[in-house]
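Listed here are the chains, written in short residue letters.
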Amino acid sequence: MILETERLFLREMTPEDADALALVLSDPESMKFYPHPFSREEVENWIKWNQGNYEKYGFGLWAVCLKESGEMIGDCGITMQQVENDLFPEIGYHLRKEFRGKGYATEAAKACAEFAKTRGMKKIISYMKSDNLPSRHVAERNGMKFAKAFTKTVMGKVVEDEVLYIKDL
């Protein structure tokens, strides 16, 4: 276990998490703000990418699990993201649709911000498509402030309507 909150624990992902993670990343409704839902191979590569981040940085996106059952309901954590000419630690989150609107993403994101602070990070960001209001609200509830709109390549597609939120730690 990496982090623990009132209702959740976050742990490193393993290849065995592919089925549970696919319930989020392969779901068209959950991924409507991405260029496309993930294929099974993309889900497996997502896990491998995060495992590489654990080794390289000591953090990545972690499995978000319910304390009461141990069930994995999504991912949340910190990855290094390029925004224009700057590299930032970014809090990202993806939850299964049936677990949204219950405060889990905010709970996990706040724990990640505290993790970043204890690791000496000075700033943390989150970014999302401008019309992704639920993600924007999670960033705001995590104490982040809107900084700017920008363009970023996501999954090989240029996305011109990204918005950046920043929090000083």
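Residues numbered from 1 in each chain as written. Predicted model: local features only at pLDDT ≥ 70, side-chain atom pairs only at ≥ 80, totals over all residues. Heavy atoms only, no water.

**Looking at the pairing of strand β3 (residues 61–66)**
Taken across its 6 residues, β3 has 6 buried, putting it largely inside the fold. Note: strand β2 (residues 8–11) against β3, 4 bridges, orientation antiparallel. Of the residues in β3, the one forming a bridge with Phe9 is Cys65. Pairing geometry for β3 and strand β4 (residues 72–83), over 5 bridges, is antiparallel. Across the sheet, residue Cys65 finds its bridge partner in β4, namely Met72. (Buried < 20%, exposed > 50% of the residue type's maximum accessible area, 1.4 Å probe, protein only. Helix = DSSP H or I, 4+ residues; strand = E, 2+ residues; numbered from the N terminus. Pairing = 2+ DSSP bridges.)

**Quick look at the layout of surface pockets**
In this structure, the largest pocket encloses a volume near 950 Å³. Lining the largest pocket we find 41 residues, and of these Tyr34, Tyr93, His94, Asn132 and Ser135 sit closest to its centre. Broken down by secondary-structure element, the contributors of at least two residues to the lining of the largest pocket are α2 (40–57), β4, β5 (86–95), α3 (104–118), β6 (123–129), α4 (133–141), β7 (145–154) and β8 (157–168). Top element by residues in the lining of the largest pocket is β5. It accounts for 6 residues. Its residues placed into classes, the lining of the largest pocket shows 20 nonpolar, 12 polar and 9 charged. (1 Å grid on protein atoms, 1.4 Å probe; cavity = no way out; pocket = protein on both sides within 12 Å on 5 of 7 lines; lining within 4 Å. Points joined across faces, edges and corners; volume = space filled by probe spheres on them. Nonpolar A, V, L, I, M, F, W, Y, C, P; charged D, E, K, R; others polar.)

**Quick look at the environment of Ala20**
Relative to the elements of secondary structure, Ala20 occurs in helix α1 (residues 18–25). Counting along the chain gives 53 residues from Ala20 to Ile73, while the straight-line C-alpha distance between them is 7.2 Å. If near-sequence neighbours (up to four positions away) are discounted, Ala20 is found in contact with Met72 and Arg96. (Contact = heavy atoms within 4.5 Å.)

**Some remarks on the pattern of salt bridges**
Considering all chains together, one arrives at 11 salt bridges under this definition. A salt bridge links Lys67 to Glu4, with the shortest nitrogen-to-oxygen separation between them at 2.8 Å. Linking Lys67 in the loop between β3 and β4 with Glu4 in strand β1 (residues 3–4), this pair joins segments that are 63 residues apart in sequence. Taking the relative accessible area as the measure of exposure, Lys67 reaches 36% and is therefore partly exposed. Notably, a salt bridge pairs Asp168 with Lys123, separated by 2.6 Å at the nearest N-O pair. Of this pair, Asp168 sits in strand β8 while Lys123 sits in strand β6, and the two are 45 residues apart along the sequence. Judged by relative accessible area, Asp168 falls into the exposed class, the value being 54%. Residues participating in the shared-partner salt-bridge network are Asp19, Arg40 and Glu44. (Salt bridge = Lys/Arg side-chain N within 4 Å of Asp/Glu carboxyl O.)

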